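Coordinates in review
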Amino acid sequence: MKRSKKYKGVLFFLLVFVLYLGMTFFLFYKQSMLYGGLYFSDSEAYIDEIQGVYKNGEISYPVMFWIARLLSLFMTPNHALAVTLTGLNGLTFLTLFCWVDRSLQTAGREKFGYGASVLTFCLLVVSMLFPFGYLGKYHDALDDGFLFRYVGTFSPNPFHNATYLAARPFAAVTFFMAVDILRDYERKEGWFRKETAAFSAMLLLTTMTKPSFTLVLVSVCGLVMLWRLCRSRGKGMKAALQFGIAFLPTFLALLYQYRGMFSGEVAGEENGIVWSFLTAWKEKTDNVPLSILLGTAFPLGVLLFQRKKALENGALKLAWQCFGVALFTMLFLCEKGYRAEHMNFAWGYMYGLFFLFVTSAVTLAGETRRRGQPLWQLLVQWLLFGAHLVCGVDYLAILLRGGLYY
């Protein structure tokens with residue numbers, strides 16, 4: 001009986017996974033084929049890169065492009081980008097499912113349960129909140145009646161940015177590894193440890209696919225180690241150095257990637273980063289606090305009702321720390337020159353949002369299973385998640401029809 005139930009769980013997982021792959025391939029194919037001027041994304045510039053046309057200088061995070069170039073030996077560059085992006089984004093589903101499934105087993109669920117498949121799918125669809133009056137409504141052009149959803153609020157699932165989606169599976173593995181290492185690195189000895197070496201390699205792979213999450217996670221790990229050193233009055237120095245070695249390859253990669261930011265690549269333009277409160281963000285939204293709330297309503301709800309979990313749960317704690325650092329960069333840092341309007345610190349912020357949703361949802365699912373809270377509190381938290389999911393389904397439906405992501 002148990003074996004039959006497990007087989008049904010595996011089959012259900014495969015059906016959900018194939019559904020997600022098919023849906024995303026349709027979107028990425030349309031984006032990559034530049035379909036009739038619709039399905040707007042950054043794919044056109046990346047197709048030029050795959051073909052060797054360097055319009056904006058050499059890409060310093062080449063992993064996605066290496067894969068697409070290899071595939072372009074057997075198909076057109078447009079198709080190669082669509083297949084590459086579908087495959088890498090599919091890895092996110094697999095990585096996330098494995099962690100969600102393992103976490104729910106701890107909470108008392110069976111392996112390959114239906115809940116893990118459903119929750120994984122939902123987490124890869126949820127978006128920022130917007131007024132429910134927007135649901136089902138869309139204008140084809142940026143006119144006075146256009147209903148902005150994404151701009152200024154941002155989403156844990158920005159389907160228009162290929163490099164964010166390509167790096168996300170590696171970022172997810174790196175995040176989950178960091179959760180385990182930060183839990184006990186001070187209690188383990190050895191200048192070479194398999195888990196630390198694997199973390200180092202995965203962090204470097206993430207960085208070479210897109211460095212946005214790396215900047216956030218490295219900052220958090222550095223601050224955590226510094227805090228623990230101060231708390232222990234320097235007794236954990238050896239353990240910190242042993243763990244710190246794992247970051248050296250990534251530091252070298254970041255120096256290579258960000259060399260152009262301070263070298264004046266574009267004539268007549270300033271380069272670098274400046275301290276400036278809300279300079280870039282205020283160009284995207286008239287109300288930054290409201291935009292933050294619309295992006296984080298569900299995680300904030302979980303934090304409100306489960307404050308102790310945020311301190312006891314390593315994954316949820318690290319997610320909030322990452323979001324805090326990412327939010328800080330959004331609030332106080334801005335790139336100079338032509339990069340300012342790109343608001344590139346937003347990608348780290350969206351990684352922060354993504355891991356907040358993942359860890360908060362799994363925490364809530366565990367509490368629901370254990371009935372660890374009053375029913376009304378659980379309902380409030382699930383209703384908040386449902387609101388993000390409803391908005392996410394509507395937002396994705398717009399994208400699948402070729403609408404603007406704004």
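Reading the values: rules and limits
- Residues numbered from 1 in each chain as written.
- Predicted model: local features only at pLDDT ≥ 70, side-chain atom pairs only at ≥ 80, totals over all residues.
- Heavy atoms only, no water.
- Helix = DSSP H or I, 4+ residues; strand = E, 2+ residues; numbered from the N terminus.
- Buried < 20%, exposed > 50% of the residue type's maximum accessible area, 1.4 Å probe, protein only.
- Contact = heavy atoms within 4.5 Å.
- Areas by Shrake-Rupley, 256 points an atom, 1.4 Å probe, with all protein chains shown as cover.
- Phe/Tyr/Trp six-rings, centres within 6.5 Å; stacked < 30°, edge-to-face > 60°.
- Lys NZ or Arg CZ within 6 Å of the ring centre and 35° of its normal.
- Core = buried A, V, L, I, M, F, W, Y, C linked by side-chain atoms within 4.5 Å.
- Expected span 1.5 Å × (residues − 1).
- Arc of directions from axis to C-beta.
- Axes fitted to C-alpha atoms, helices over the stretch in contact; angles between N-to-C directions.
- Parallel < 35°, antiparallel > 145°, perpendicular 65-115°, else oblique.
- Left-handed = near helix turned anticlockwise from the far one by under 90°.
- Nonpolar A, V, L, I, M, F, W, Y, C, P; charged D, E, K, R; others polar.
- Salt bridge = Lys/Arg side-chain N within 4 Å of Asp/Glu carboxyl O.
- pLDDT = per-residue confidence, 0-100.
- Patch = residues over 30% accessible without salt bridge, like charges linked within 9 Å, V, L, I, M, F, W, Y side chains within 5 Å.

1. Quick notes on the overall build of the chain
Scanning the chain from N- to C-terminus turns up 15 helices and 2 strands. Scored against the burial criterion, the 406 residues of the chain give a buried share of 53%. Looking at the chain alone, contacts between residues at least 24 apart form 77% of all its contacts between residues at least 6 apart. When the accessible area of the chain is evaluated, it comes to approximately 19300 Å², of which 64% is carbon and sulfur surface.

2. Quick notes on the packing of aromatic side chains
Enumeration over the complete set of coordinates arrives at 42 aromatic pairs. Through a chain of ring-to-ring contacts, the aromatic side chains of Phe40, Tyr150, Phe154, Trp281, Trp320, Phe323, Tyr349, Tyr405 and Tyr406 assemble into a single cluster. Its end group placed over the ring of Phe130, Arg149 keeps NZ or CZ at 5.0 Å from the ring centre. The lysine or arginine in question, Arg168, covers the ring of Phe354, its NZ or CZ lying 4.6 Å from the ring centre.

3. Remarks on the nonpolar core
Counting residues in hydrophobic clusters, the biggest one holds 119 residues, and the most contacted among them are Trp281 and Tyr349. With 16 residues, the top contributor of residues to this core is helix α14 (residues 345-370). Sequence-distant contacts of Tyr349, defined by excluding residues within four places in its chain, comprise Thr153, Phe154, Trp281, Ile292, Thr296, Phe323, Ala326, Leu327 and Met330.

4. Remarks on helix α6 (residues 162-184)
In this model α6 runs 35 Å from its N-terminal to its C-terminal C-alpha over 23 residues, within 8% of the 33 Å that 1.5 Å per residue would give. When you tally the buried positions in α6, you get 19 out of 23 residues, the bulk of the element.

5. Re helix α9 (residues 237-244)
Among all positions in α9, only Ala239, Ala240, Gln242 and Phe243 are buried. Seen from one end, α9 has its buried residues packed into an arc of 160 degrees, which puts them on one side.

6. Thoughts on the packing of helix α11 (residues 288-305) against helix α13 (residues 314-332)
Direction vectors running N to C along α11 and α13 enclose 155 degrees, while the axes themselves pass 13 Å from each other. Here α11 is positioned roughly antiparallel relative to α13, judged by the angle of their axes. As α11 runs across α13, the sense of the crossing is left-handed. In this structure, α11 contributes Ile292, Thr296, Pro299, Leu300 and Leu303 to the contact, and α13 contributes Trp320, Phe323 and Leu327. The residue inventory of the contact of α11 with α13, partitioned by class, reads 7 nonpolar, 1 polar and no charged.

7. Describing the pattern of salt bridges
Scanning the model with the defined rule gives 5 salt bridges in all. Between Glu195 and Arg193 there is a salt bridge, with its nearest N and O atoms 2.9 Å apart. For Arg193, a relative accessible area of 11% translates into the label buried. Arg370 is the partner of Glu367 in a salt bridge, and the nearest nitrogen-oxygen pair spans 3.3 Å. One end of the pair, Glu367, and the other, Arg370, are both in helix α14, 3 residues apart, so they sit about a helical turn from each other.

8. Some words on the confidence of the model for the chain
Averaged over all residues, the pLDDT of the chain equals 89, while 89% of them reach at least 70. Note on residues 262-267: pLDDT is under 50 here. Beyond four places in sequence and across chains, it has 8 contacts.

9. Some points on the packing of helix α2 (residues 43-50) against helix α3 (residues 63-71)
Close contact between α2 and α3 brings their axes to 9 Å; oriented N to C, the two are set at 65 degrees. Judged by the sense of rotation from one axis to the other, the crossing of α2 with α3 is right-handed. Each of Tyr46, Glu49 and Ile50 in α2 lies in contact with α3, whose residues at this interface are Met64, Phe65, Ala68 and Arg69. In terms of residue class, the contact of α2 with α3 is made up of 5 nonpolar, no polar and 2 charged.

10. A closer look at unusual backbone geometry
Notably, Arg233 is not glycine yet its phi reads approximately 55 degrees, a positive angle. Summarising the element assignment, Arg233 is placed in the loop between α8 (212-231) and α9. For Arg233, a relative accessible area of 79% corresponds to the exposed category. Unusually for a residue other than glycine, Leu278 sits at a positive phi of about 65 degrees. You can see Leu278 is positioned in the loop between β1 (273-275) and α11. A relative accessible area of 11% places Leu278 in the buried class.

11. Details of a nonpolar patch on the surface
Taken together, the side chains of Phe25, Leu70, Leu73, Phe74, Met75 and Val83 define a hydrophobic patch exposed on the protein surface, amounting to about 600 Å² of accessible area. By secondary structure assignment, the location of Val83 is in helix α4 (residues 77-106). For Val83, a relative accessible area of 35% corresponds to the partly exposed category.

12. Regarding the environment of Leu229
Structurally, Leu229 is set in helix α8. Separated by 11 residues in the primary sequence, Leu229 and Ala240 place their C-alpha atoms 7.9 Å from one another. Those residues in contact with Leu229 that sit more than four places away from it in its chain are Gly234, Gly236, Met237 and Ala240.

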